[in-house]
2 protein chains.
Amino acid sequence: MPATSTPRPRRLHLNAFLMNAGHHDAAWRHPRTQPERVTDLRYFQHLAQTAERGKLDSIFFADGLALWGKVKHNALGGFEPLTLLSALATVTERIGLIATVSTTFNEPFHTARKFASLDHLSGGRAGWNIVTSGTADEARNFGQDEHLEHSLRYDRAREFLEVATKLWDSWEDDAILLDRTRGIYVDDEKVRPIDHWGEHFVVQGPLNVPRSPQGYPLLVQAGSSEDGKEFAAQYAEAVFTAQQSLADGQSFYKDVKNRLPRHGRSEDDLKILPGICPVIGSTEAEARALEQELTDLQVPEYGLAQLSGMLGTDLTGLPLDGPLPELPEERDINGNKSRFTLVAELARRDGLTLRELIARLGGGRGHRVFAGTPDQIADQLEEWFTQGAADGFNVMPPHLPGGLEDFVDHVVPILQDRGLFRTEYTGRTLREHYGLPRPEGRLAPSATAAEGQPA
Amino acid sequence: MPATSTPRPRRLHLNAFLMNAGHHDAAWRHPRTQPERVTDLRYFQHLAQTAERGKLDSIFFADGLALWGKVKHNALGGFEPLTLLSALATVTERIGLIATVSTTFNEPFHTARKFASLDHLSGGRAGWNIVTSGTADEARNFGQDEHLEHSLRYDRAREFLEVATKLWDSWEDDAILLDRTRGIYVDDEKVRPIDHWGEHFVVQGPLNVPRSPQGYPLLVQAGSSEDGKEFAAQYAEAVFTAQQSLADGQSFYKDVKNRLPRHGRSEDDLKILPGICPVIGSTEAEARALEQELTDLQVPEYGLAQLSGMLGTDLTGLPLDGPLPELPEERDINGNKSRFTLVAELARRDGLTLRELIARLGGGRGHRVFAGTPDQIADQLEEWFTQGAADGFNVMPPHLPGGLEDFVDHVVPILQDRGLFRTEYTGRTLREHYGLPRPEGRLAPSATAAEGQPA
Ligand SMILES: Cc1cc2nc3c(=O)[nH]c(=O)nc-3n(C[C@H](O)[C@H](O)[C@H](O)COP(=O)(O)O)c2cc1C
Ligand SMILES: Cc1cc2nc3c(=O)[nH]c(=O)nc-3n(C[C@H](O)[C@H](O)[C@H](O)COP(=O)(O)O)c2cc1C
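Structural notes, computed from the coordinates. Since the model is a prediction, treat every value here as computed from it, not as a measurement.

Basis of the calculations
- Residues numbered from 1 in each chain as written.
- Chains lettered and ligands numbered in written order.
- Predicted model: local features only at pLDDT ≥ 70, side-chain atom pairs only at ≥ 80, totals over all residues.
- Heavy atoms only, no water.
- Buried < 20%, exposed > 50% of the residue type's maximum accessible area, 1.4 Å probe, protein only.
- Helix = DSSP H or I, 4+ residues; strand = E, 2+ residues; numbered from the N terminus.
- Contact = heavy atoms within 4.5 Å.
- Polar contact = N/O pair within 3.5 Å; in protein donor to acceptor, adjacent residues only side chain to side chain.
- Near = heavy atom within 4 Å.
- Areas by Shrake-Rupley, 256 points an atom, 1.4 Å probe, with all protein chains shown as cover.
- Buried area = accessible area lost by both parts, 1.4 Å probe.
- Salt bridge = Lys/Arg side-chain N within 4 Å of Asp/Glu carboxyl O.
- Least-squares fit on C-alpha atoms with pLDDT ≥ 70 in both.
- Nonpolar A, V, L, I, M, F, W, Y, C, P; charged D, E, K, R; others polar.
- Axes fitted to C-alpha atoms, helices over the stretch in contact; angles between N-to-C directions.
- Parallel < 35°, antiparallel > 145°, perpendicular 65-115°, else oblique.
- Left-handed = near helix turned anticlockwise from the far one by under 90°.
- Phe/Tyr/Trp six-rings, centres within 6.5 Å; stacked < 30°, edge-to-face > 60°.

With respect to helix H2 (residues 81-89) of chain A
- In terms of burial, H2(A) is largely enclosed, as 9 of its 9 residues are buried.
- When H2(A) is considered as a whole, its buried residues turn out to be Pro81(A), Leu82(A), Thr83(A), Leu84(A), Leu85(A), Ser86(A), Ala87(A), Leu88(A) and Ala89(A).
- Each element contacted by the buried residues of H2(A) is listed here: helix H1 (41-53), strand E2 (58-61), strand E3 (96-102) and helix H3 (108-121) of chain A together with helix H2 (81-89) and helix H3 (108-121) of chain B.
- The backbone nitrogen of Leu82(A) has a side-chain oxygen 3.2 Å away, supplied by the residue at the start of H2(A), namely Glu80(A).

Below, the structure is given as structure tokens:
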């Protein structure tokens, strides 16, 4: 890769994490939301176009493969994110499109192919949030009784990525000749089987889609456990993470960046995007009042069920105004390890009752919630960005569409005025927005060599 | 379902089967095609909008899960069809969107969910062409050495459909209460686990997407073997089939329709759509000349490779102007049984050399090819439709976009003038276009009953 000739000022990156009526668990009950539209494409179209109007780097849809007890008290659309993002690709021009797909319950061939398709369809705007999934309810929709053990999930994830990248690289960039005269569409020396034979997967290849505009989708990762961070350092180009305080954010940032050289990568190869749930008001009092309104709309049973899941501990029936019971250790958690630890520490540090903890988690499920004016929010982002805690942010509006509109209309212009954020898209692809290079194709050794039997 | 009060004249149905530069295997070499656009969304957008301009019932994308030797001599986009159709959902209003998904290499939970998503996104326009896949190359992309045996594939397909329909029915139509005041989004008595415990699948459910506009996608099937026809009679609402002559078409039509009562279904519950590859000219001579041009552009190695696959017999090196070698019996074919028989009989009946057979299969891979004027084509369609061979047609333009434009601009108006085809969409959903009822939800017994341990 040629080095950039003139250094550009460091700019922060913004991803809009979109979900149902908003990230606050009571958002759907608030008059500023439209929960009747969570299965309406035009609703998501409006959200995507709003984020694009704000010149954001990307939008993101999370995913889970089971309903859990969630739905009784929370509006849920439940669209499969790749399907939804493909639909949004045609009504947007520039913004990146990131979808969660779990490596635990999918096949690398399908996943590689779908992201290659989305990358073509969107002109190079696809991103993959690689997750290992965290619940037994998901396993039970795929013929398994219990969820695969945490470290085995990451083993499988690593091999999954190895196969997927081989498949994306199974076509050279210049494989298509399109020689009508001679009747040769593809130079078949440049499209080769991958012949992967591993512990979890046996895949012949090649992929049945030509190499896509970005080579492959932007690889995003969102697990913050020890295994998660190591996986991120090896593969991820962007990391979503929940961090409660600047100090936590700084130490996570340093930790992950320090792991990169061991994998032959540099600091700039991976962008760290902590989550922020911005509760925006034109005055601080108004912001706080909105936050309180949302808290007042919470359904305690729902909060308790969510919390039971995060803590791997059944909390039903415990007094809301009492303290947390004894909790297990992180090593005994087989779900989301890092979230367990974050929540347990938050409760311990601030001495919270169950009710208080449910209120604190309502906005962002462990992500940082900040209520204030657009200027105060911009100050927070700037602080984290300049103090070594973030390369950008995963913006999680507490209520939609209003919370996103407010962010785009009131916070983004301040960031732009301060020279911290782009005023126009300069690139075309998602990787270009994040300032990341297009990966070179690394085609497997030629077919003849690969097919040869070991002597 | 209330019976319709005034009987409407019987109208035929039209599906546009879209593929790369067209169905003819040499289409991409013809000046009327645009093979450089087969990975360009706008190309498919134009095709979909053209079909919609013609008021067609639906568009359809086939799918295969391996590259085969195909690509050297044929332009291939290779988009995953659900991703592609989701993208097209936003740029069309009425036309149905049918995608192939294989039951052999997928999980029912994912498949049910994706189609539910597409059905929501498109306002009730999703259709699923259920296939069992036919090649060992596909198996080798999913950790299997050989392709699952034909009848086992259909066993798996049946159970797959059972699980998928249970998942689609796991939400009652009126499950969503959206009661903001009480904080109740869903009546959880109306969303229930399916607790499927079968030979191929164990799936807890419920689905994590609300019941979709059509209840579930239109179920299409395209296998014409004995097992395939039986599967169609049990589940399918539309059948794609390759039939060479009116007599073959009539006997297939009768055969499949006669199987319906045994599954408690009536003739009208299933629409039979034979394939037709219309080579259109403003005179008969012009049509024949176009057909010849396409034949002259065929690459014999490609035709021979395709034919080897269809016949389960390696033909490489055989003289093109000689006869076919001895062929296996249908029972020894583990791929596409019905296509094997069709091709073998065609060659035998007409005493074709390899070269002649390759030419005959070039346009439609075994589907009927008819070259003529728009009037002659309309006559053919009318004959099959009125003589008990078809409820409509799977239109397979030999070259794209021109072959579809010609059909829409010149054949459709004749069919409309004859009162055989709609002049405007009257329905909103794909099922409405095909005159099929929305399936009633058949929710599993209540959760308490289902969860009870056997005594
Ligand atoms: C912003 C963000 C988004 C996430 N999205 C998903 C998701 O869509 N699906 C999922 O199963 N897990 C999701 N997770 C969870 C993680 O990806 C990961 O599976 C979990 O943290 C467990 O990993 P760990 O034990 O390494 O922390 C998300 C986490 C974060 C911080
Ligand atoms: C119009 C048409 C479209 C088809 N599309 C596909 C397809 O997309 N993918 C596939 O694997 N098979 C496809 N097939 C093949 C059949 O669905 C089926 O798998 C094959 O015919 C084998 O079934 P049989 O042995 O019962 O005939 C198609 C067949 C027809 C007639």
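Re the site of ligand 2
Residues and elements named next belong to chain B.
- Around ligand 2, a shell composed of 25 residues is seen, among which Asp63, His150, Tyr154, Ser225 and Ser338 lie nearest.
- Separating a nitrogen atom of ligand 2 from a backbone N or O atom of Asp63 is a distance of 2.7 Å.
- Expressed as a share of its isolated accessible area of 610 Å², the protein-covered part of ligand 2 is 92%.
- Only strand E4 (126-131), helix H5 (150-168), strand E10 (238-241) and helix H10 (337-350) provide two or more residues apiece to the shell around ligand 2.

Looking at the interface of chain B and chain A
- Across the contact, 71 residues belong to chain B and 71 residues belong to chain A.
- Here chain B meets chain A over a buried area of about 5,900 Å², counting both sides, of which 59% is carbon and sulfur.
- Summed over the shared surface of chain B and chain A, the result is 4 salt bridges.
- One salt bridge in this structure joins Asp188(A) and Lys72(B), with 3.9 Å as the shortest N-O distance.
- The tally of links between chain B and chain A comes to 41 residue pairs in polar contact (both at pLDDT 80 or more).
- Elements that contribute at least two residues to the side of chain B that touches chain A include exactly H2, H3, strand E5 (176-179), strand E6 (184-186) and strand E8 (202-203) of chain B.
- A per-element tally of the side of chain B that touches chain A places H3(B) first, with 8 residues.

Quick notes on the pattern of salt bridges
- Per the counting criterion, the structure on display carries 66 salt bridges over all chains.
- Of the charged contacts, one joins Arg182(A) and Asp179(A) as a salt bridge, the two residues approaching to 2.8 Å between their closest N and O atoms.
- A salt bridge links Glu424(B) to Lys55(B); the shortest N-O distance between them is 3.6 Å. Separated by 369 residues along the polypeptide, Glu424(B) in the loop between helix H13 (402-417) and helix H14 (430-433) and Lys55(B) in the loop between helix H1 (41-53) and strand E2 (58-61) bring together distant segments of the chain.
- A relative accessible area of 47% places Glu424(B) in the partly exposed class.
- The class for Lys55(B) is buried, based on a relative accessible area of 17%.

Digging into the relation of the copies chain B and chain A
- In screw terms, the move from chain B to chain A is a rotation of 180° and a rise of 0.0 Å along the axis, fitting with an RMSD of 0.0 Å. Expressed as a symmetry operation, the mapping of one chain copy onto the other fits a two-fold axis. Relative to the rotation axis, the C-alpha of Ala87(B) is the closest in chain B, positioned 2.0 Å from it.

Structural notes on the site of ligand 1
Residue and element names in this part refer to chain A.
- The environment of ligand 1 is made up of 24 residues, and the closest members are Asp63, His150, Tyr154, Ser225 and Ser338.
- Residue His150 places a side-chain N or O atom 2.7 Å away from an oxygen atom belonging to ligand 1.
- Starting from 620 Å² of accessible surface for ligand 1 in isolation, the protein chains cover 91%.
- Counting residues per element, the shell around ligand 1 draws most heavily on helix H10 (residues 337-350), which supplies 3 residues.
- Of the residues in the shell around ligand 1, the class split is 7 nonpolar, 14 polar and 3 charged.

As for the packing of H1(A) against H2(A)
All names here are of chain A.
- Closest axis-to-axis distance for the H1/H2 pair is 10 Å, and the angle between their directions is 65°. The orientation of H1 with respect to H2, classified from their angle, is roughly perpendicular. Our pair here, H1 against H2, has a crossing hand that is right-handed. Where H1 abuts H2, its residues Leu41, Phe44, Gln45 and Ala48 lie against Leu84, Ala87 and Leu88.
- Of the residues belonging to the contact of H1 with H2, the class tally is 6 nonpolar, 1 polar and no charged.

So, the packing of aromatic side chains
Residues and elements named next belong to chain A.
- This model, assessed by the stated rule, comprises 30 aromatic pairs over all chains.
- Summarising the aromatic geometry, the rings of Phe60 and Phe240 are spaced 4.8 Å apart at their centres and angled 45° between planes, so their arrangement reads as tilted. Linking Phe60 in strand E2 with Phe240 in strand E10 (residues 238-241), this pair joins segments that are 180 residues apart in sequence.
- A relative accessible area of 3% means that Phe60 is categorised as buried.

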